[in-house]
Amino acid sequence: MKLLCISNGHGEDAIALRVLSALRQHQLDVEIWALPISGEGEAYRQAAVPLIGPARALPSGGFLNRDAAQLASDVRQGLIGLTRSQLSAIKAWSAEGHFVLAVGDIVPLLMAHRSGLPYAFLGTAKSEYWLRDETGELPGTGFWHRFEGWSGSVYLPWERWLMARPRCRGVFVRDNFTAKRLQQLGIEAVYAGNPMMDGLVVSGRLTNCLQALRSPVSAVAQSPDKARAMALYVSRKRRTTIPLTVALLPGSRQPEAFENWERILSAVPGLCQTFRHRALILLAAIAPALPLEQLQDRLSASDWTLEGALPYLTYRWGNATLLLVNDAYGECLQESQIAIATAGTATEQFVGLGKPAVTLPGKGPQFTLAFATVQSKMLGPSVQMVTQPEQVGPVIARIMDDPDRLQLIYQNGKRRMGEAGAGEQIAMKLAEVMGDGW
């Protein structure tokens with residue numbers, strides 16, 4: 001049987017691969033193809049999944065929501081011609097294909113429907129938590145809020161229409177709250193976990209490196225996500241002996257990631273001042289595709305001192321030690337107690353570990369104020385958004401000084417993001433609906 005996966009972004013490609021990899025392990029007779037409609041699909045290439053059509057990176061990176069300027073920029077760079085070519089590729093592949101998996105939002109869902117084949121939808125972009133939580137509707141701000149939820153769900157009527165077609169054999173959503181709402185509206189949606197939480201592996205290399213920076217080594221420093229949520233809290237008496245470990249999450253898309261990096265670093269002086277009686281360990285989780293040289297240049301320009309290069313580039317400034325880590329992403333998240341984030345997927349994964357994140361929106365195209373606002377609604381009390389770098393230090397201090405809040409954040413993150421293993425569960429359910437060929 002031939003399966004085509006259509007996804008619309010770097011994060012969606014990675015999520016899709018967690019499902020496809022699990023499917024490959026159980027169904028040896030499946031031929032898997034992919035069409036990344038936003039970006040170059042490097043994740044698919046690395047996983048040896050062939051592409052059926054053209055894949056290009058456009059200026060917006062796929063983030064066109066409510067931004068006419070980004071849309072215009074993509075159109076100038078060939079968006080219309082690229083879309084036509086991709087639709088033609090889907091039509092040609094469908095002549096011999098059997099099933100389509102759409103991952104992301106309405107764009108891949110619509111393309112899956114146009115293929116004429118049976119399809120399933122893995123919705124990664126939307127959650128009912130945008131509009132409401134377990135206690136009721138959320139208060140809104142801004143012009144767009146008056147239009148949100150007008151149809152009774154974060155998923156709009158035309159999206160639900162595509163999900164309800166007979167050829168749509170499965171709808172998988174990112175949380176149980178969303179699944180229940182869609183079920184109330186007649187959509188047979190399933191929550192089988194969130195694949196974002198898969199693959200956060202720990203090799204031990206970074207952990208071993210951190211041992212020398214932590215004295216004395218504590219349960220908080222070693223494995224905060226495995227300990228109880230309250231272990232993230234350190235009493236005032238012990239704070240001078242236990243470093244605070246902070247993840248820096250600038251995102252993965254160029255050149256936005258470098259602008260994000262500038263903004264994150266501008267928050268560090270205030271952070272150091274706030275915690276001037278406590279050591280800080282800053283773990284910069286850098287995407288492998290980002291050149292470290294540009295990140296180092298910004299550090300050098302801000303009077304950071306390079307102290308070591310093995311196994312990680314290590315810089316010092318005041319009471320802060322910063323490590324540039326580009327091969328232990330999951331370990332950065334596991335080892336940190338709180339994050340300063342300007343990223344999409346990384347922020348959600350960090351929150352899913354039961355930990356707080358402080359977000360700092362910028363110009364985008366991804367991590368804009370609008371995006372960060374929606375993300376903070378979706379992740380609830382686990383995220384505190386600030387608009388100025390100097391606000392970061394005091395906000396982190398308030399969060400880490402409130403054990404009740406940390407307990408709430410831990411429970412909230414686990415509930416909204418789920419546990420690891422979703423890729424396997426979705427793959428098994430997908431295999432069930434793909435037909436008699438299995």
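The rules behind each value
- Throughout, a residue's number is its position along its own chain's written sequence, starting from 1.
- Residue-level local features of this predicted model are given only where pLDDT is at least 70; pairs of side-chain atoms are given and counted only at 80 or more, and the full residue set underlies all totals for whole chains, interfaces and linings.
- The side-chain values count all of the structure's non-hydrogen atoms but skip hydrogen atoms and water molecules.
- Labels follow the DSSP assignment, with helices taken as runs of H or I lasting at least four residues and strands as runs of E lasting at least two, numbered in each case from the N terminus.
- Here's how the labels work: a residue is buried when its accessible area is under 20% of the maximum for its type, exposed when over 50%, partly exposed in between, all with a 1.4 Å probe on protein chains only.
- What sets the accessible areas is the Shrake-Rupley method with a 1.4 Å probe; for residues, cover comes only from the shown protein chains.
- In this description, strands pair whenever DSSP reports at least two bridges between them.
- Here the aromatic set is Phe, Tyr and Trp, taking the six-membered ring for Trp, and pairing holds for ring centres within 6.5 Å; pairs whose planes are under 30 degrees apart are stacked, those over 60 apart are edge-to-face, and all others are tilted.
- Only when the NZ atom of a Lys or the CZ atom of an Arg is both within 6 Å of the ring centre and within 35 degrees of the ring normal do we say a charge sits over the ring.
- Axis angles are defined between N-to-C directions and span 0 to 180 degrees, where every axis is a line fitted to C-alpha atoms and, for a helix, only to the segment in contact.
- Any angle between 65 and 115 degrees counts as roughly perpendicular, while under 35 counts as roughly parallel, over 145 as roughly antiparallel, and the rest as oblique.
- Helix crossings fall into two classes, left-handed where the near helix is turned counterclockwise from the far one by less than a right angle and right-handed where it is turned clockwise.
- Should any heavy atoms of two residues lie within 4.5 Å, those residues are considered in contact.
- In this classification, Asp, Glu, Lys and Arg are treated as charged, Ala, Val, Leu, Ile, Met, Phe, Trp, Tyr, Cys and Pro as nonpolar, and every other residue, Gly included, as polar.
- Two N or O atoms form a polar contact when they lie within 3.5 Å of each other; inside protein one atom must be a possible hydrogen donor and the other a possible acceptor, and for residues adjacent in sequence the pair counts only when both atoms belong to side chains.
- Working definition: the arc comes from the directions between the helix axis and the C-beta atoms, pointing outward to the latter.
- We count a salt bridge whenever a side-chain nitrogen from Lys or Arg sits within 4 Å of a carboxyl oxygen from Asp or Glu.

*Asks:* What is the right way to look at the overall build of the protein in this model?
*Replies:* Of regular secondary structure, the protein possesses 17 helices and 16 strands. Counting over 438 residues, the protein shows a buried share of 55%. For the protein, the accessible area works out to roughly 18800 Å², and carbon and sulfur atoms hold 53% of it.

*Asks:* Explain the sheet that holds strand β8 (residues 189-190) here, please?
*Replies:* The pairing of strands in a sheet happens through backbone hydrogen bonds and is either parallel or antiparallel. Reading across the sheet, the six strands line up as β2-β1-β3-β4-β7-β8 and stay open at both edges, with parallel pairing between neighbours. Each edge of the open sheet carries a strand with a single partner, namely β2 (31-36) and β8. Sheet topology places strand β3 (residues 99-104) next to strand β4 (residues 119-123); five bridges connect them, and they run parallel. Note that in β4 the partner of Leu101 across the bridge is Ala120.

*Asks:* When you look at the packing of aromatic side chains in this model, what are you seeing that I'm missing?
*Replies:* For any pair of aromatic rings, the description rests on two quantities: the centre-to-centre distance and the angle between the ring planes. Applying the stated criterion across every chain, the model contains five aromatic pairs. Aromatic side chains Phe121 and Tyr155 sit 6.4 Å apart centroid to centroid with 85° between the ring planes, which places their arrangement in the edge-to-face category. Of this pair, Phe121 sits in strand β4 while Tyr155 sits in the loop between β6 (136-137) and α6 (157-164), and the two are 34 residues apart along the sequence. Taking the relative accessible area as the measure of exposure, Phe121 reaches 1% and is therefore buried. What makes Tyr155 buried here is its relative accessible area of 2%. Taken together, a centroid distance of 4.6 Å and an interplanar angle of 25° make the contact between Tyr129 and Phe177 stacked. Taken as a pair, Tyr129 in the loop between β4 and β5 (132-133) and Phe177 in helix α7 (residues 176-184) lie far apart in primary sequence, 48 residues in all. For the pair Tyr129 and Phe177, one class covers both residues: buried. Positioned over the ring face of Tyr312 is Arg205, at 4.9 Å from the centre of the ring. The positively charged end of Arg416 is found above the aromatic ring belonging to Tyr129, 3.9 Å away from the centroid.

*Asks:* Quick question: what am I supposed to make of the packing of helix α5 (residues 106-114) against α6 here?
*Replies:* A pair of packed helices can be characterised by two numbers: the angle between their axes and the separation between those axes. Where α5 meets α6, the axes come as close as 10 Å, and the angle between the chain directions of the two elements is 40°. By the angle between their directions, the pair α5 and α6 is classed as oblique. The two elements α5 and α6 meet at a crossing, and its hand is left-handed. Along the contact surface, α5 presents Ile106, Leu109, Leu110 and His113, while α6 presents Trp158, Glu159, Trp161, Leu162 and Met163. Residue composition of the contact of α5 with α6, by class: seven nonpolar, one polar and one charged.

*Asks:* Sorry, what's going on with the side chain of Ser115 here?
*Replies:* Summarising the element assignment, Ser115 is placed in the loop between α5 and β4. Within the structure, Ser115 has its side chain in polar contact with the backbone oxygen of Ala112 (distance 2.6 Å). Ignoring anything within four residues of it in the chain, the contact list for Ser115 reads Ile90, Ser94 and Val100.

*Asks:* Where do I start with the environment of Gln334 in this structure?
*Replies:* Structurally, Gln334 is set in helix α12 (residues 329-335). Gln334 sits in the buried class, given a relative accessible area of 14%. Between the C-alpha atoms of Gln334 and Val202, which are 132 residues apart in sequence, the distance is 7.8 Å. One polar contact links the side chain of Gln334 to the main-chain carbonyl oxygen of Leu200, over a distance of 3.4 Å.

*Asks:* What am I meant to see in unusual backbone geometry here?
*Replies:* Across the chain, the bulk of peptide bonds are trans and the bulk of non-glycine residues have phi less than zero. Omega for the bond connecting Gln254 with Pro255 falls within 30 degrees of zero, at -5°, which places this linkage in the cis form. Here Pro255 lies in the loop between β9 (244-249) and α10 (256-274). Omega for the peptide link from Gly364 to Pro365 comes to 20°, which places this bond in the cis form. Within the secondary structure, Pro365 sits in the loop between β15 (357-359) and α14 (369-379).

*Asks:* Help me understand helix α11 (residues 292-301), please; the structure alone is not making it clear to me.
*Replies:* Since there are 3.6 residues in each turn of an α-helix, residues three or four apart along the chain are aligned in direction. Residues of α11 that are buried: Leu292, Leu295, Gln296, Arg298 and Leu299. Considered in projection along α11, the buried side chains sweep an arc of 160° and stay on one side of the axis. What points out from α11, more than 90 degrees from its buried face, is the exposed set Glu293, Asp297 and Ala301. Taken together, the buried residues of α11 touch α10, β12 (313-317) and β13 (320-325). Two residues or fewer past α11, Asp303 is found with a positive phi of approximately 70°.

*Asks:* In this structure, what is going on with the packing of α14 against helix α16 (residues 403-417)? I would like to understand it.
*Replies:* α16 packs onto α14 with a crossing angle of 100° between their chain directions and a minimal axis gap of 10 Å. It follows from the interaxial angle that α14 and α16 lie roughly perpendicular. Only Asn412, Arg416 and Met417 of α16 make contact with α14, whose side of the interface consists of Lys377, Met378 and Leu379. Residue composition of the contact of α14 with α16, grouped by class: three nonpolar, one polar and two charged.

*Asks:* Before we go on, may I ask you to explain the pattern of salt bridges in this structure?
*Replies:* Once the charged atoms of two side chains with opposite charge are near each other, the side chains can pair. Scanning the model with the defined rule gives nine salt bridges in all. Measuring nitrogen to oxygen at the nearest pair gives 2.5 Å for the salt bridge that ties Glu348 to Arg174. In this pair, Glu348 sits in helix α13 (residues 345-352) while Arg174 sits in the loop between β7 (168-173) and α7, placing the two residues 174 residues apart along the sequence. Neither residue differs from the other here; Glu348 and Arg174 are each classed as buried. A salt bridge links Arg298 to Glu262; its shortest N-O distance comes to 2.3 Å. One end of the pair, Arg298, is in helix α11; the other, Glu262, is in helix α10, and 36 residues separate them in sequence. Residue Arg298 is classed as buried on the basis of its relative accessible area of 18%.

Function-wise, these values are silent; they only describe arrangement.
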